[in-house]
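Coordinate inspection notes
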Amino acid sequence: MYRIRFHGRGGQGMKTASRILGSAFFLEGFDVQDAPRYGAERRGAPIFAYVRASRQAINERGVIHHPDLVVVADDSLVPVPAAAVLQGLDAHTVTLINSHTSAADWQQRLNLAGPVLILPATEEAEDRAELPFVGTTCAAAAARLVGVISRDALAEAIRTELGALGSQLVEKNTEAALQAYDLMEPHAGTVTEGKAHSASGYARPDWIGMTVEDVDLAAPSIHAAATSVEVKTGLWRTLRPVIDYDRCSRCWWVCSTFCPDSAIAVDADGRPDIDYDHCKGCLICVAKCPPHAIEAIPEHLAQAAEETNA
Amino acid sequence: MNESRFKRMKDLPSTHLLGSGTPMCSGCGGLEALHEIYDILGPKTVFVNAAGCMTLLAVYPFTPFRGSWLYTAMASAPAGAQGIRDALDILIEQQRLPVEEDLEVVVLTGDGAAYGMGLSSTSGAMERDLNFLYICYDNEGYGNTGQQFSGATPHAARTATSKGPHGFAGFKKDLFSIWAAHKPSYVATVIGAEPLDLARKIEKAMQLKGPRLIIALAPCPTGWDYDPRESADIGKLAVSTGVWPLKEYVDGRVVHTKVPKQRQPVEDYLEKQGRFAHLFEPQRNEQLLQELQNSIDSYWAEIEH
C-alpha cells in the first residue's frame, strides 16, 4: 500500500492535491482513500492531506503515521512544530520539498535517513494568485515518484477534479502539472509501497502515567485579557509587509485601522510598527497605504536578509 | 443625541483592544470589522457568540477579548444574551455589582445564524425589548464549513452548494428590513472598509438602550475566492457600486449614511471575486450581469427619489 502525506498551508491546494493524486491512482485501478485534515485554523495555517492507494481493499483508517512519501508544498512549514511534517519518517520515507534550498542542505539540516528530493520552487509561487498551482504540481510530482501513474491518468484526474473551475484553469494546471511530472522522471519509482500494518502485531505504546490534577489546576479559569497574543500567527506568513519609513506619511494610521489582526501599532508620532510575531501576511496594509510605503517581500528572502544582518 | 466624536479619520483609535493571534483567516473582512467595532465598544463588554467562524476566536485558553465570552448554539445567541442581561440586572439591583461596572451585552454571529437559524430568537429578543447589541459579520455563506449558501448569499454567487453556470438561484434576504420591521432602537449596516462610518454608528448604538443590531458585510478571501490583500478594496467597491448600502434605522426612519454619488458598475465588484467568475468566463453572461445591475439600480432609484 502507498501511504502519502501532503503538507501545506490553508489555501495552497493540499486538499485538491490529495484528490488529484487519489483520482489518478483510482484511474490506474487502485483502491484509494484521500482526505484533508485540518483543525480550527484557516487560510495560511498548516494543514495536511493524505492518500492511501492499494491494489487490495484498504482496511486502514485515519491519519497516516508512517508515510512512504511526504510532500511539503511550503518549506517554511518544516520547522513549525504544529505542522508535524517530520512525524513518522524513516529510512523508507521519501521527502519531496518545494524549496529554493538544495536537497543536500535539507538532508543535512533535518538529518533524514530517507532520500530527499526537491521540487524547485518557482518565482511565480510567490505570487499568491499562482498558489493553487502548488497543489497540482505537488500531486503531479508525487504521481511520477510512485511510478505507477501514467501521464494520461494524471491529466484525466486533473480534469475531473478541477473541471468546475473552467477550462482555462484546467489547462493552466495541467501544463504546470505535466512539467512537474516530467521533472521527476529520473526519480520515477523511488517511492515504493510500505509494509502492511497488521492489527495483530500491534504493540502498545509505552504509556506514561499521568496523575489526575485538581480541576483548578488542570483547567484553570483564566482571567487575563487578550491571551491570544500567545499564539504566534506570524508563522502563517509567506509574504512580509515591510514599511519604508522615508515614504511613510504618518497618516491617520490607515494600515493600523485596516489590519484585521491588530498587528500594526502606531506610536504617539503616528509611526506604524508591524508586529511580525502575529502578522499573517494578508497584505491589506500594502494595498491600502496611501503613499505606497509598504512593500511585500517573500518571507524566505526577508528571513535570509535578517540572518545576514544579524 | 450628542455630536459624534468621530469627525474625521484622525479621530479613529490608533491603539487597538482586540488581541492579535486569532485563528481567523489571513485577510478576514469580518475580523477587520470586529477589531474596528471593539475599539469603539470598549472593554466593558461581554460577547455572546453563536457557532460560526468567530467561535474560534476564543478557544480555551486563548481569547482576543478583554472580558468574558459565552458560546451558544447557532440559533440561540440572543437567548444567551437575555440570560446575561438578566443576571447583570439582578446583580446591580441587589447591589452586588456597582452600576459603573455594568457590561454591554454583545451578540456576535455570522450570517448563517443571523439570516437563518437564529432569526426567530433575535425576533423574540426584540419583542422583549432586550437591551443588547447584535453584531452580524455577513460573509454571505456558511464560511466556517466551506461556504455553503445561506440566507445571505447573493444571487448568482458560486458556493460549495451552488455550482454551475448560474451560481446561487436564490436572492439575498433583506435582513436590515426584517430587523427594522420590529421597530428596535437601532439597526445599521457597516463595513470594515469604511471605518469612519462604522465608528459613528457603533458610537450611536452605544448611546441608545434596547435592541441595537448591526450587519457588517465581511469580505471573505476564502469563501469569495480572492487574494486576501484585496479585502478592504473589495469592501470599498461593495459600497461604491451600491451593492452594500450603508444605512441606519433610528427613530422609525431609515437614513442612508453614504450615498455613492456616481455609482460604479457592479461588474467592478463582481469581477474581482472568483465566486462570480462564471459570469465572465468562458464567455460573459450579459443577461445575468444586467439583471444584477438592474436590481441595484432599482434599489437606489427608490432611495434617490
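Basis of the calculations
Residues numbered from 1 in each chain as written. Chains lettered and ligands numbered in written order. Predicted model: local features only at pLDDT ≥ 70, side-chain atom pairs only at ≥ 80, totals over all residues. Pairing = 2+ DSSP bridges. Helix = DSSP H or I, 4+ residues; strand = E, 2+ residues; numbered from the N terminus. Axes fitted to C-alpha atoms, helices over the stretch in contact; angles between N-to-C directions. Contact = placed C-beta atoms within 7 Å. Nonpolar A, V, L, I, M, F, W, Y, C, P; charged D, E, K, R; others polar. Parallel < 35°, antiparallel > 145°, perpendicular 65-115°, else oblique. Left-handed = near helix turned anticlockwise from the far one by under 90°. Buried ≥ 20, exposed ≤ 12 C-beta atoms within 10 Å, placed from the backbone. Right-handed = clockwise from strand over helix to strand, strands pointing away.

Considerations on the sheet that holds strand β1 (residues 45-50) of chain B
All names here are of chain B.
- If you walk across this open sheet you meet the 8 strands as β2-β1-β3-β4-β6-β5-β7-β8, and the pairing is mixed. Two strands in the sheet have a free side with no partner beyond their single neighbour: β2 (69-72) and β8 (253-258). When strand polarity is set aside, the average angle formed by the axes of neighbouring strands in this sheet is 20°.
- Relative to strand β6 (residues 211-217), strand β4 (residues 132-138) runs parallel, the two being bridged by 7 bridges. Directly across from I135, in β6, lies its bridge partner I214.
- Helix-sheet contacts for helix α1 (residues 29-41) involve β1, β3 (104-110), β4, β5 (186-191) and β6, and the interaxial angle to β4 is about 160°.

Thoughts on the interface of chain B and chain A
- At the interface, 42 residues of chain B touch 44 residues of chain A.
- When contributions to the side of chain B that touches chain A are tallied by element, the ones reaching two or more residues are α1, α7 (221-225) and α8 (231-240) of chain B.
- Looking at the side of chain B that touches chain A, the element that brings in the most residues is α1 of chain B, giving 4 residues.
- Grouping the amino acids of the side of chain B that touches chain A by side-chain chemistry returns 19 nonpolar, 13 polar and 10 charged.

With respect to the packing of helix α4 (residues 151-162) of chain A against helix α5 (residues 167-183) of chain A
Residues and elements named next belong to chain A.
- Axis separation between α4 and α5 bottoms out at 10 Å; the angle between their running directions is 150°. Considered as vectors, α4 and α5 are oriented roughly antiparallel to each other. Considering how the two elements wind past one another, α4 and α5 form a crossing that is right-handed. Two secondary-structure elements touch here, α4 through R151, L154, A155, I158, R159 and L162 and α5 through L169, V170, N173, T174, A177, L178 and Y181.
- Class assignment of the residues belonging to the contact of α4 with α5 gives a composition of 9 nonpolar, 2 polar and 2 charged.

Focus: unusual backbone geometry
- A cis amide bond links Y60 of chain B with the next residue in sequence, P61 of chain B, at an omega value of 5°.
- By the secondary structure assignment, P61 of chain B is in the loop between β1 and β2.
- Of note, the bond from E281 of chain B into P282 of chain B is cis; its omega dihedral lies within 30 degrees of zero at -5°.
- Among the secondary structure elements, P282 of chain B is positioned in the loop between α9 (267-270) and α10 (286-304).
- Phi is positive for W253 of chain A, which is not a glycine, with a value near 50°.
- Among the secondary structure elements, W253 of chain A is positioned in the loop between β7 (239-243) and α7 (254-258).
- Of note in the backbone geometry, L283 of chain A takes a positive phi value of approximately 75° without being a glycine.
- By the element assignment, L283 of chain A lies in the loop between β9 (272-274) and α8 (284-288).
- Residue class for L283 of chain A comes out buried when judged on the 24 C-beta atoms lying within 10 Å of it.

With respect to the pairing of strand β6 (residues 116-120) of chain A
- With 4 of 5 residues buried, β6 of chain A lies mostly within the body of the structure.
- Where the polypeptide runs from strand β5 (residues 94-99) of chain A across helix α2 (residues 103-110) of chain A and back to β6 of chain A, its parallel neighbour, the crossover connection is right-handed.

Considerations on the sheet that holds β5 of chain A
Residue and element names in this part refer to chain A.
- If you walk across this open sheet you meet the 6 strands as β2-β3-β1-β4-β5-β6, and the pairing is mixed. Either end of the sheet is taken by a strand with one partner, and the two such strands are β2 (31-37) and β6. Between one strand and the next, the sheet's axes are offset by a mean angle of 15°, whatever the strand orientation.
- Sheet topology places β2 next to strand β3 (residues 46-54); 7 bridges connect them, and they run antiparallel. Its bridge partner lying in β3, D31 is registered against S54.
- Lying on the sheet, α2 is in contact with β5 and β6; it crosses β6 at an angle near 135°.

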